[in-house]
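Observations on the three-dimensional arrangement
This is what each chain is made of:
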Amino acid sequence: MKKERAAIALMLIMTSLMLNAREVIDLNRDWRFHRGDSKMWKSPDVDDGDWEVINVPHDFQISQPWVEPSPDEIPDLDNPVANIKSRLSARGFKEVGKGWYRKSIVPRNEWKGRRVLLDFEGIMLTGDIYLNGERVGGTDYGYLGTEVDITDLLKWGEPNVIAVRADTGQPENSRWYTGGGLFRDVKLIITDADRYFTRHPLYITTPVVSDDMAVVRVEGEIANNIAGDKTMKARLNIVNPSGDTISDKVIALDVNGCQRVKEYLLDSLTIASPELWSCENPALYKAVASVYDSDGKLADRVESTFGIRTIEYSPEFGFKLNGKKVLLKGIANHHTLGALGAAAYERAMEKRIELLKDFGFNHVRTSHNPYSSSFLDLCDRYGILVVDELYDKWLTQYAGGRKDWVEQWPHDVPEFIKRDRNHPSVIMWSLGNELQTLWDIPYADWGVTPYKMQRELLHRYDKTRPVTVAMHPRGRNQSTDSLPAPLALETDIAAYNYRYMYFPGDSRRFPWMMFYQSEANTSNMGPNYFDMDLDRVIGLAYWGMIDYLGESHGWPAKGWNEGVFDISLEPKPIAYFLRSFFKPDEPVVHIGIIDSDYNTVWNDVKVGSKRMSDHWNRLPGCKVSLYTYTNADEVELIVNGRSMGRRMNSKVRNRILWDSIPYKPGYVEAVAYRSGDSKPVARHRIETAGEAKRLNAVPDNGDWKADGSDLQHIRVEAVDSKGRRVHGADAQVKFTVDGPAEIVGVINGDITSEELTTGDTRRLYNGTATVILRSTLSPGKVTLTASSPGLKPSKTLLTTNLKLK
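Residues numbered from 1 in each chain as written. Predicted model: local features only at pLDDT ≥ 70, side-chain atom pairs only at ≥ 80, totals over all residues. Heavy atoms only, no water.

On to the overall build of the protein, then. Within the protein, the secondary structure is distributed over eight helices and 48 strands. Its C-alpha atoms give the protein a radius of gyration of 27 Å, within 12% of the compact-globule value 28 Å for 805 residues. With respect to the principal axes defined by its C-alpha atoms, the protein has extents near 90 × 65 × 60 Å. Going through the 805 residues of the protein one by one, you find that 61% of them count as buried. In the protein, 70% of the contacts between residues at least 6 apart in sequence involve partners at least 24 apart. (Helix = DSSP H or I, 4+ residues; strand = E, 2+ residues; numbered from the N terminus. Rg over C-alpha atoms; globule rule 2.2 N^0.38 Å. Buried < 20%, exposed > 50% of the residue type's maximum accessible area, 1.4 Å probe, protein only. Contact = heavy atoms within 4.5 Å.)

Below, the discussion takes up the sheet that holds strand β16 (residues 285-292). As summarised here, the arrangement of the four strands in space is β14-β13-β16-β17, forming an open sheet in which the pairing is antiparallel. Among the strands making up the open sheet, the edge pair consists of β14 (245-254) and β17 (298-306). Averaged over all neighbouring strand pairs, the angle between strand axes comes to 15°, with direction disregarded. Looking at chain direction, strand β13 (residues 231-239) and β14 are connected through nine bridges and run antiparallel. The partner of arginine 235 across the bridge, within β14, is valine 250. (Pairing = 2+ DSSP bridges. Axes fitted to C-alpha atoms, helices over the stretch in contact; angles between N-to-C directions.)

Here helix α4 (residues 405-420) contains 16 residues, and its C-alpha end-to-end distance of 21 Å stays within 8% of the 22 Å for a straight helix at 1.5 Å per residue. Helix geometry: α4 is bent most strongly at histidine 411, by close to 25°, with proline proline 414 lying one to four residues after it. Burial analysis of α4 places 12 of its 16 residues in the buried class, which makes it a mostly covered element. The set of residues buried in α4 consists of Trp405, Gln408, Trp409, Asp412, Val413, Pro414, Glu415, Phe416, Ile417, Lys418, Arg419 and Asp420. Tucked inside the fold, the buried residues of α4 contact β11 (195-209), β12 (213-224), α3 (373-382), β23 (385-389), β24 (426-433) and α5 (448-461). (Expected span 1.5 Å × (residues − 1). Bend = angle between axes of the 7 residues up to and from the residue.)

Turning to the nonpolar core, a few remarks are in order. Among the nonpolar cores identified, the biggest contains 97 residues, and Phe361, Trp394, Met525, Tyr542, Phe565 and Phe581 are the most heavily contacted of them. Element by element, the count of residues in this core is highest for helix α8 (residues 574-582), at six residues. Excluding residues within four positions of it along the chain, methionine 525 makes contact with Tyr542, Met545, Val564, Ile574, Phe577, Leu578, Phe581 and Arg655. In terms of nonpolar packing, the next biggest core, distinct from the first, is built from 28 residues, Phe197, Val218, Ile238 and Leu253 among them. (Core = buried A, V, L, I, M, F, W, Y, C linked by side-chain atoms within 4.5 Å.)

The subject of this paragraph is the packing of aromatic side chains. As enumerated under the stated definition, the model contains 34 aromatic pairs in all. Relative to tryptophan 405, the ring of tryptophan 394 lies with its centre 5.8 Å away and its plane at 15°, an arrangement referred to as stacked. With tryptophan 394 in the loop between β23 and α4 and tryptophan 405 in helix α4, this residue pair connects regions lying 11 residues apart in the sequence. As far as burial versus exposure is concerned, tryptophan 394 and tryptophan 405 are alike and both buried. Here the aromatic residues Phe361, Tyr529, Phe530, Tyr542, Phe577, Phe581, Phe582, Tyr627 and Tyr629 are joined through ring pairs into a cluster of three or more. A cation sits over an aromatic face here: arginine 646 above tyrosine 673, 3.9 Å from the ring centre. (Phe/Tyr/Trp six-rings, centres within 6.5 Å; stacked < 30°, edge-to-face > 60°. Lys NZ or Arg CZ within 6 Å of the ring centre and 35° of its normal.)

Glancing now at the pattern of salt bridges. Applying the stated rule across the entire model yields 60 salt bridges. The shortest N-O distance in the salt bridge between glutamate 415 and arginine 199 comes to 2.8 Å. Here the residue glutamate 415 occupies a position in helix α4, and arginine 199 occupies one in strand β11, the gap between them amounting to 216 residues. Between glutamate 687 and arginine 724 there is a salt bridge whose closest N-O contact spans 3.0 Å. (Salt bridge = Lys/Arg side-chain N within 4 Å of Asp/Glu carboxyl O.)

Turning our eyes to something else, we now look at helix α2 (residues 346-358). With 13 residues, α2 extends 18 Å between its outermost C-alpha atoms, agreeing within 8% with the 18 Å of an ideal straight helix rising 1.5 Å per residue. Every buried residue of α2 is accounted for by Arg347, Ala348, Met349, Glu350, Arg352, Ile353, Leu355 and Leu356. Considering only its buried residues, α2 is in contact with β21 (328-333), β22 (363-366), α3 and β42 (711-719).

Let us look at the sheet that holds strand β1 (residues 23-26). In any sheet, the strands associate via hydrogen bonds between backbone groups, in a parallel or an antiparallel arrangement. Judged by pairing direction, the sheet is antiparallel, and its four strands sit side by side in the order β1-β10-β5-β8 without closing on themselves. The open sheet has two edge strands, β1 and β8 (146-149), and neither has a second partner. Strand-to-strand twist of the sheet, defined as the mean angle between neighbouring strand axes without regard to direction, takes the value 25°. By the bridge criterion, four bridges tie β1 to strand β10 (residues 186-192) in an arrangement that is antiparallel. By the bridge assignment, aspartate 26 is partnered in β10 with lysine 187.

Now for the environment of serine 482. Structurally, serine 482 can be placed in the loop between β25 (467-471) and β26 (494-497). Along the primary structure serine 482 and glycine 505 are separated by 23 residues, whereas in three dimensions their C-alpha atoms are 8.5 Å apart. Excluding residues that lie within four positions of it along the chain, serine 482 makes contacts with Arg476, Asp506 and Arg509.

This part takes up the pairing of β17. One ladder, built from eight bridges, connects β16 with β17; its direction is antiparallel. Residue tyrosine 292 lies in a different strand from β17, and its bridge partner there is leucine 298. Between β16 and β17, which pair antiparallel one after the other, the connecting turn spans five residues, and glycine 296 there sits at a positive phi close to 85°.

As for its position among the elements, threonine 800 is in strand β48 (residues 791-800). A relative accessible area of 2% places threonine 800 in the buried class. Aside from chain neighbours lying at most four places away, what touches threonine 800 is Trp704, Ala706, Pro740, Ser775, Ser778, Pro779, Gly780 and Val782.

Across the six residues that make up strand β36 (residues 634-639), a large majority, six, are buried. Going residue by residue along β36, you find Glu634, Glu636 and Ile638 tucked away on one face and Val635, Leu637 and Val639 tucked away on the opposite face as well. Looking at chain direction, β36 and strand β37 (residues 642-648) are connected through five bridges and run antiparallel. Note that in β37 the partner of valine 635 across the bridge is arginine 647. What sits between β36 and β37 in their antiparallel hairpin is a turn of two residues, with asparagine 640 showing a positive phi close to 50°.

Pasting the structure below:
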């Protein structure tokens, strides 16, 4: 414990030294938490000694028991947007409710005379913030952050109690699992009181870009409370992707004695031979801005990364990045992270981005709310293109539920845009989803007026990206289905959920329209990609490609399970179908054996898909039907050395059906060829596994940081004597940890499991399970032991390293 406290102190000192005049202190650790609600819990006098000690990010719903629906619960058939199967089916069968967090801080004497802020990046679903019993702030839409100036409220030389009340609302306040609580970072920010940068102060644009040069324009919003000065000294440094300072400029800003908040042009500079940001080479520059007081002493300093790139949209080519056509190959998913619920761990997000990029994805639509800032930082670093979305429906019900949406959006739009506008990964703004069919949206014109109002406000803060709203698949023009919805004719980009088949006709009638398939279904995978004019469309985002909690089709499924990756991130066979056309230059072949067909309709769209597996342990004497997914020209299927023939990749592109294949223990192998070439370009072989003998564990993080939040995902599988995965193994696994780490999640791919994702045990599903460890602030050796009755246990030796940024 002493070592950990010393590490915390060192990190705080280093943070202060790095930012100099601005201190940013991590408040994520050692909060007290209690479920339920009491007005007394805001009081500093409450004894919270028996409350649970937690670290942020934290989702208090994820550890709650599942709530099975009662027999008298029926779907809300009158609600055209909810897709509700029972009271809590949308919310992941977790009861909604409230929880309180408390933490004490003792202000340091050197903070006197300075400005002290509390910064919460998100409180789910709504939140109220108290200091020493007095409400000082809150958020009515938990996907966006808030800051509170507590300078004049602090009590010096004694503990000050921060209390936060988080409320997940009513079941109808979300159409998916939101999680609850302090699910993103909490910070304490200390700045100069007289002259400082405001919230999200920098705006960085690149109005001129070529291979030879780029113009970078940097604006900054500064608060000046010093009267009398005619000018204000500022400084701007630009650091290139290699870490070298390439520009260092001191600026005299015209103040003229005014005491106010104002946006200033800090510099408009030219960079020769810039490194352009792209999906393949996501080069990031950094702007460091400083402002000084009247005596020339540093008053405040902020920084922001940015990328130099161009984006273009046209009905002729869709989308270009740096002058080159790029097709969006994407995913539209909710913000939650499997076993961790809504808790926004950066490493968990990074793991998903790595998986997506490996399978050929280059795009994420943040459905249907802003993700965390760290997610966008990762997209900047990995070269992922983002359609950044603000809302689901423009209704109070779906925007926090406690403040009228008409009053809410003028606050949310600036916070959203100013927070995210410097991210090169963000290439389009989306203001909402599937709302154009709702007459009760304000102003009763199918969303046209509220869209125009939001877009006008948005343009005060950014005009460099187009703005869209995703259209409901049922929502064509109210007078005739042959015309687009009125809102689709107003948006900069025509974003259609599922209805790509309208693109050609709408394009002929309205040649200025530019088309993006903002959601595409798994059940129509392939045709909904290849049947588009890929040279002219912007691209597509496949819906729910990673299974998630909430939006269940019915108990016992705890959520959506139509993805190509299960909720534990295991690829399903159909993932390789998608990979075959998302990565056309990489030879792919993969076997998917059809187990059943799942016919489910959602929003009048068939979303159910065939259930498949890729193992060769079947019932003796049976016959199976299977697909071979491939981007090669032909595939030969071989069973135990006997050829089942060669088939061309023609009838349904990249998917070849094989019916009535006789099963015998041994192996089945798919061998892919290019036309006219006898040399195989890809193979996939699956073998009959024997009895499970031992557990095998594979960690995923080779650079595990002892920062108190970095994660290690360890995948455990049951294998036979030859090391082959035994898909039928379903034994319970017990996990124990020795060393400076703790278990924060356990999961397998079974969305119907009654097990919680917290604790230290989990059954195998399809032969695998995953345990997630979180580091502490103390570096050291960590040993994870996975054991199960009748199987040889696995021991995994790991190390966490202290790294200061």
